[in-house]
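This is what each chain is made of:
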Amino acid sequence: MPNRFRSLLAPLQRIELAIDAIIQPVVFMGMVALIGVITLQIVSRVFFSAVGWTEEVARFLLIWITFLGATLAFQRGRHIAVTFLVDALPGRLQQLTRIAAILVVLGFMIALIVIGHRYMQMQSFQKSASLRLSMTYVYAIIPISAALMAWYALVDLVELIVKGPQATDTGSPTAEEPPP
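No experiment lies behind these values; they were computed from the predicted model shown.

Some words on the packing of helix α4 (residues 91–122) against helix α6 (residues 141–163)
The geometry of α4 relative to α6 is characterised by a closest axis approach of 8 Å and an angle of 160° between their N-to-C directions. With respect to each other, α4 and α6 are oriented roughly antiparallel. Judged by the twist between their axes, the crossing of α4 over α6 is left-handed.

Overview of the pattern of salt bridges
Considering all chains together, one arrives at three salt bridges under this definition. For Asp-20, the salt bridge goes to Arg-76, with nearest N and O atoms at 3.3 Å. Of this pair, Asp-20 sits in helix α1 (residues 2–47) while Arg-76 sits in the loop between α2 (54–75) and α3 (84–88); the two residues are 56 residues apart in sequence, bridging distant segments of the chain. Both residues of the pair, Asp-20 and Arg-76, belong to the buried class.

So, the confidence of the model for the chain
Of the residues in the chain, 89% reach a pLDDT of 70 or more, and the chain-wide mean stands at 88. Of all the helices and strands in the chain, α3 carries the lowest mean pLDDT, 85, while α2 carries the highest, 95. In the model, residues 170–176 has pLDDT below 50 throughout and makes 24 contacts with residues more than four positions away in sequence or in other chains.

A word on the nonpolar core
Within the largest apolar cluster, 25 residues are counted, with the highest numbers of intra-cluster contacts made by Ile-23, Val-27, Leu-61, Leu-68, Ile-102 and Leu-106. When residues of this core are traced back to their parent elements, those giving at least two are α1, α2, α4 and α6. Residue contributions to this core peak at nine residues, all from α6.

Definitions and cut-offs
Residues numbered from 1 in each chain as written. Predicted model: local features only at pLDDT ≥ 70, side-chain atom pairs only at ≥ 80, totals over all residues. Heavy atoms only, no water. Axes fitted to C-alpha atoms, helices over the stretch in contact; angles between N-to-C directions. Helix = DSSP H or I, 4+ residues; strand = E, 2+ residues; numbered from the N terminus. Parallel < 35°, antiparallel > 145°, perpendicular 65-115°, else oblique. Left-handed = near helix turned anticlockwise from the far one by under 90°. Salt bridge = Lys/Arg side-chain N within 4 Å of Asp/Glu carboxyl O. Buried < 20%, exposed > 50% of the residue type's maximum accessible area, 1.4 Å probe, protein only. pLDDT = per-residue confidence, 0-100. Contact = heavy atoms within 4.5 Å. Core = buried A, V, L, I, M, F, W, Y, C linked by side-chain atoms within 4.5 Å.

Here you go:
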């Protein structure tokens, strides 16, 4: 069975790298846009009359940046985790425990996809106050980021199965910080 997964691992990791290559610049551009919008808001309030849409755009950008940033942190293994008990277990039991943890994460992410999609649909009639933008676009990030994190968890699961009991880290090689 691990041989089957071994042939899947390389393509999964390439897809993971491609997703990461898209999300990183999107988060960066979102941060740049957020800084620009907040600067415009401050300057317009101090020197002119306030630009009404800036607060709303800043809020929506912050929501998207937060969820996409959380996705990148998940992919790099940067979320808080207490692993000292798992690390103390013998090899095979440690692997099984990590697999169980990844399966729990996958279950949670699938539930978040479903709940996020339902919430997005419930809010589809609502429009934002100043931009009159459908709130569907704002809340769409919930199932999107959950799907991305589920994908990353799936890649970690396959990697853990391929590496076997000697695996010490569930993160893929792409989970490391990119070189500067």
